[in-house]
Amino acid sequence: MRALLQRVSRASVTVDGAEVGAIGPGLLILICAMQGDTEAEADKLAAKIVKLRIFKDEAGKMNKSVTDIGGSALVVSQFTLAADLRGNRPGFSYAAAPEEGKRLYDHFSAKLAETLPVANGIFGADMDVSLNNDGPVTIWMDTATL
């Protein structure tokens, strides 16, 4: 699985003009299931994210996790993280099939929700994502390299 994490002071997602998910301080997580991914990868990614120390401590150092600060996560499906950029028009054949992608997206969100509050976008919808990137801090993760 691939994820793009953004440390945010706030984030929200809107579908058809209606806000469907919003958080205060925490992480906006754009997530993509790749072909061949399993629940084990989703579990591994969720476990890593909740322990990742990318929030400031009292000395201003990145030394606290999202759970340490009492933060939340906004999880948004993002199949374009699977982009194949060999040509000038990206291909997305490395992404999991939509049914499998949704299943793993839901599993990942549920796994995160065992540890912290989670809001979600709508899988496969045309979404408008708004955020205030805190830092900015943006981190790319792939279970193939964890």
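This is a predicted model, so every value here is computed, not measured.

Positionally, Q6 belongs in strand β1 (residues 2–15). In this view, Q6 contacts G26, L27, L28, L131, N133, V137 and T138; residues no more than four positions away in its chain are not counted.

Let us look at the environment of I23. Looking at the element boundaries, I23 is found in strand β2 (residues 18–23). With relative accessibility at 10%, the residue I23 sits in the buried group.

Time to look at the pattern of salt bridges. Within the structure shown, the criterion is met by 8 salt bridges. A salt bridge links E100 to R103; the nearest nitrogen and oxygen atoms lie 2.8 Å apart. Of this pair, E100 and R103 both sit in helix α2 (residues 98–113), 3 residues apart, roughly one helical turn. Exposure remark for E100: the relative accessible area of 29% places this residue in the partly exposed category. Relative accessible area serves as the criterion here: at 35%, R103 is assigned to the partly exposed category. Salt-bridge contacts for K102 lead to D106; the nearest nitrogen and oxygen are separated by 2.7 Å. Of the two residues, K102 and D106 both sit in helix α2, 4 residues apart, roughly one turn of that helix. What emerges from the salt-bridge pattern is a single network uniting E39, E100 and R103.

The rules we used
Residues numbered from 1 in each chain as written. Predicted model: local features only at pLDDT ≥ 70, side-chain atom pairs only at ≥ 80, totals over all residues. Heavy atoms only, no water. Helix = DSSP H or I, 4+ residues; strand = E, 2+ residues; numbered from the N terminus. Contact = heavy atoms within 4.5 Å. Buried < 20%, exposed > 50% of the residue type's maximum accessible area, 1.4 Å probe, protein only. Salt bridge = Lys/Arg side-chain N within 4 Å of Asp/Glu carboxyl O.

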